[in-house]
Amino acid sequence: MARPRSRVDGPLDSAPGWVSVGAAFLSMAAVLGVAYSFGAFFAPMAAEFGTGSGSTSLVFSITACCWFLLGSVSGRAVDRFGPRPVLLVGALALAGGLLVTSAAPRLWVGYLGYGLGVGVAVACGYVPMVAVVGAWFDRYRAPAIGLAVAGIGVGTLAGAPLAAALIGAYGWRQAHLLLGVGGAALLVLAAVAVRRPPDPTGEEPRGLREVVRSGEFRAMYTATLLASVALFVPLVFLPAAAVAAGASPVAGAALIGVIGVASTVGRLVIGVLAYRAGRVRTFQVCFAVLAASFAIWAVGSSWPWLLAFAIVLGTGYGGWIALQPTVLAELFGVRGLGALVGLVYTAAGIGALVGPPLAGVLVDAAGGYGWAVVAGGLCGLLAFLSLLRLPARAAPAER
């Protein structure tokens, strides 16, 4: 079947684009719901394998590093082949990786099964789908991407509490298996629904080498790396920190869900606000909010304080994720957006690989979470400062 060549944002031609928004929402909810549920698996896996915080958190770090580093590959693949085959590869990887993890006799098997399986699945269901939605829209790009990535918030909301309940009922091994089958089924459904976007029109975009050398790209890359170091600390350790403060395991896991709810609101509301107030400036504010949230965790570690932290963190995080592809498109255009988003997200992969293990070392050395929280807040602040060099508005080569 020939690829559609219709213009985006038209009153009649936009229907396939909105269908693709729904498919992207579903795929992101599936893969990130599974990935961000790891906090619920952290304690039972560490207990069974007899491993410390640093080595156990490395399971998730490898996963996040894989999905962000491989995002540059999946982004190019979706530009060339379209989203459907990429999503189907993700479904196979998710089911296979969690099947291997459920039978892991040693933690290093989890590094391979969970890290590669879930990592490839997220690389296929997240980064390229953001680019697909971005290529479908021009005027309504920010709200459309905000709606699509709200799937991450919904998946985060449902994934961690669901995983905690499954672990309580069936054990962590069977819970992995059930999440793998369910997540793969949702990815197949998204693959059936998604539509390939029309080819962008306009002038040729700036060359990749020129883009990478630009101050704007370096600012985005640095901020993404530092913010990711900060973000993945609570995504891995917040449930355990809540339990250490006296909360139940389900209540601790629910904090990840709260981050998901807050990020969903942030993605939807901030995407609309950016349409009116300016995308770049709103994007910078989101990083400031993310950095400021760590002050709440530093003040108090009881469940109400951690709840407030999760709400503020999720709001800033949601706006960041919703607006980053839009800001990239505004700075550099939409042609080859999949590859460009994937390239920037390699910074998040490095941050995810470095952040949780280092935080785990700090937790084990200090016997608490205080220094890890300070380090996360400092990285968030530096990320915000890195973005101050971005221009308030940009005029990309083609829209």
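Refer to the preceding data block for the structure.
The notes below deal with the structure included here. The numbers attached to residues start from 1 for each chain and follow its sequence in the written order. Where local features are concerned, this predicted model is filtered to residues with pLDDT of at least 70; where side-chain atom pairs are given and counted, the filter is 80 or more; whole-chain, interface and lining totals use all residues. Side-chain numbers come from the whole structure's heavy atoms, not from hydrogens or water.

**Points about the overall build of the protein chain**
Step number 1: When helices and strands are counted, the protein chain shows 16 helices and 0 strands.
Step number 2: When each of the 399 residues of the protein chain is scored for burial, the buried share is 57%.
Step number 3: Contacts are assigned to residue pairs that have any heavy atoms within 4.5 Å of one another. When contacts within the protein chain are restricted to residue pairs at least 6 apart in sequence, long-range pairs at least 24 apart make up 86% of them.
Step number 4: Looking at the protein chain as shown, the accessible area adds up to about 14,700 Å², and 70% of this sits on carbon and sulfur atoms. Secondary structure elements follow DSSP: runs of H or I no shorter than four residues count as helices, runs of E no shorter than two count as strands, and numbering proceeds from the N terminus. Burial classes: relative accessible area under 20% of the type maximum marks a residue as buried, over 50% as exposed, and values in between as partly exposed (1.4 Å probe, protein chains only). Per-residue and other accessible areas follow the Shrake-Rupley method at a 1.4 Å probe size, with only the shown protein chains counted as cover for residues.

**Considering the nonpolar core**
Step number 1: Counting residues in hydrophobic clusters, the biggest one holds 126 residues, and the most contacted among them are W67 and Y126.
Step number 2: With 17 residues, the single largest contributor to this core is helix α11 (residues 215-244).
Step number 3: Look past the residues within four positions of W67 in its chain and what remains in contact with it is L32, A35, Y36, F60, G119, V122, A123, Y126, V127 and F232. As used here, the term nonpolar core means buried Ala, Val, Leu, Ile, Met, Phe, Trp, Tyr and Cys residues forming a set that is joined through side-chain atoms within 4.5 Å.

**Quick notes on the packing of aromatic side chains**
Step number 1: Aromatic rings from Phe, Tyr and Trp, with only the six-membered ring used for Trp, were paired whenever their centres fell within 6.5 Å, and each pair was classed as stacked if the ring planes differed by under 30 degrees, edge-to-face if by over 60, and tilted otherwise. Across all of its chains, the model carries 9 aromatic pairs by this definition.
Step number 2: Centroid distance Y317 to W320: 6.3 Å. Interplanar angle 75 degrees. Geometry classified as edge-to-face. A residue pair is termed a helical-turn pair when its members lie 3 or 4 positions apart in one helix, as Y317 and W320 do in helix α14 (residues 303-332) at 3 residues. An identical accessibility class is assigned to Y317 and W320; each is buried.
Step number 3: One aromatic cluster is present, formed by F283, F287, Y317 and W320 through successive ring pairs.

**Section: the packing of helix α13 (residues 279-299) against helix α16 (residues 370-386)**
Step number 1: Where helices are involved, their axes are fitted lines through C-alpha atoms of the stretch in contact, as for all axes, and angles between N-to-C directions lie from 0 to 180°. Remark: α13 packs on α16, axes separated minimally by 8 Å, with the N-to-C direction vectors making an angle of 165 degrees. Comparing their axes, α16 and α13 come out roughly antiparallel. Between α13 and α16 the crossing geometry is left-handed. Residue-level contacts link Q284, F287, A288, L290, A291, F294, W297 and A298 of α13 to V373, G376, G377, G380, L381, A383 and F384 of α16.
Step number 2: When grouped by side-chain class, the residues that make up the contact of α13 with α16 number 11 nonpolar, 4 polar and no charged. Each angle gets one of four labels, with under 35 degrees taken as roughly parallel, over 145 as roughly antiparallel, 65 to 115 as roughly perpendicular, and the rest as oblique. When the near helix sits turned anticlockwise from the far one by under a right angle, the crossing is termed left-handed; a clockwise turn instead gives a right-handed crossing. Here the nonpolar group is Ala, Val, Leu, Ile, Met, Phe, Trp, Tyr, Cys and Pro; Asp, Glu, Lys and Arg are the charged ones; every other residue, Gly included, is treated as polar.

**Looking at the packing of helix α1 (residues 15-35) against helix α9 (residues 172-193)**
Step number 1: Their axes nearest at 9 Å, the elements α1 and α9 cross at an angle of 165 degrees. Taken together, the axis directions place α1 and α9 in an arrangement best described as roughly antiparallel. Regarding α1 and α9, the two cross each other, and that crossing is left-handed. The residues of α9 that touch α1, namely those facing V19, A23, L26, S27, A30, V31 and V34, are L179, G183, L186, L187, L189, A190 and A193.
Step number 2: Residue composition of the contact of α1 with α9, by class: 12 nonpolar, 2 polar and no charged.

**Structural notes on the pattern of salt bridges**
Step number 1: Here, a salt bridge means any side-chain nitrogen of Lys or Arg that lies within 4 Å of a carboxyl oxygen of Asp or Glu. Applying the stated criterion to the full structure yields 1 salt bridge.
Step number 2: Two residues, R279 and E330, come together in a salt bridge whose shortest N-O distance is 3.4 Å. You can see R279 sitting in helix α13 and its partner E330 sitting in helix α14, a full 51 residues away along the chain.
Step number 3: Taking relative accessible area as the criterion, R279 reaches 10% and is therefore assigned buried.

**Here we look at the side chain of S386**
Step number 1: For S386, the location among the structural elements is in helix α16.
Step number 2: Taking the relative accessible area as the measure of exposure, S386 reaches 9% and is therefore buried.

**A word on a nonpolar patch on the surface**
Step number 1: To count toward a patch, a residue needs a relative accessible area over 30% and no salt bridge; like charges are then connected within 9 Å, while nonpolar side chains (Val, Leu, Ile, Met, Phe, Trp, Tyr) are connected within 5 Å. Residues W18, Y140, L147, L157, V261, V265, L268, V269 and L273 make up a contiguous nonpolar surface patch of about 720 Å² in total accessible area.
Step number 2: Those elements giving two or more residues to the nonpolar patch turn out to be α8 (141-170) and α12 (249-277).
Step number 3: Sort the elements by how many residues they give to the nonpolar patch and α12 lands first, with 5 residues.
Step number 4: Looking at where Y140 falls in the secondary structure, it is placed in the loop between α7 (127-136) and α8.

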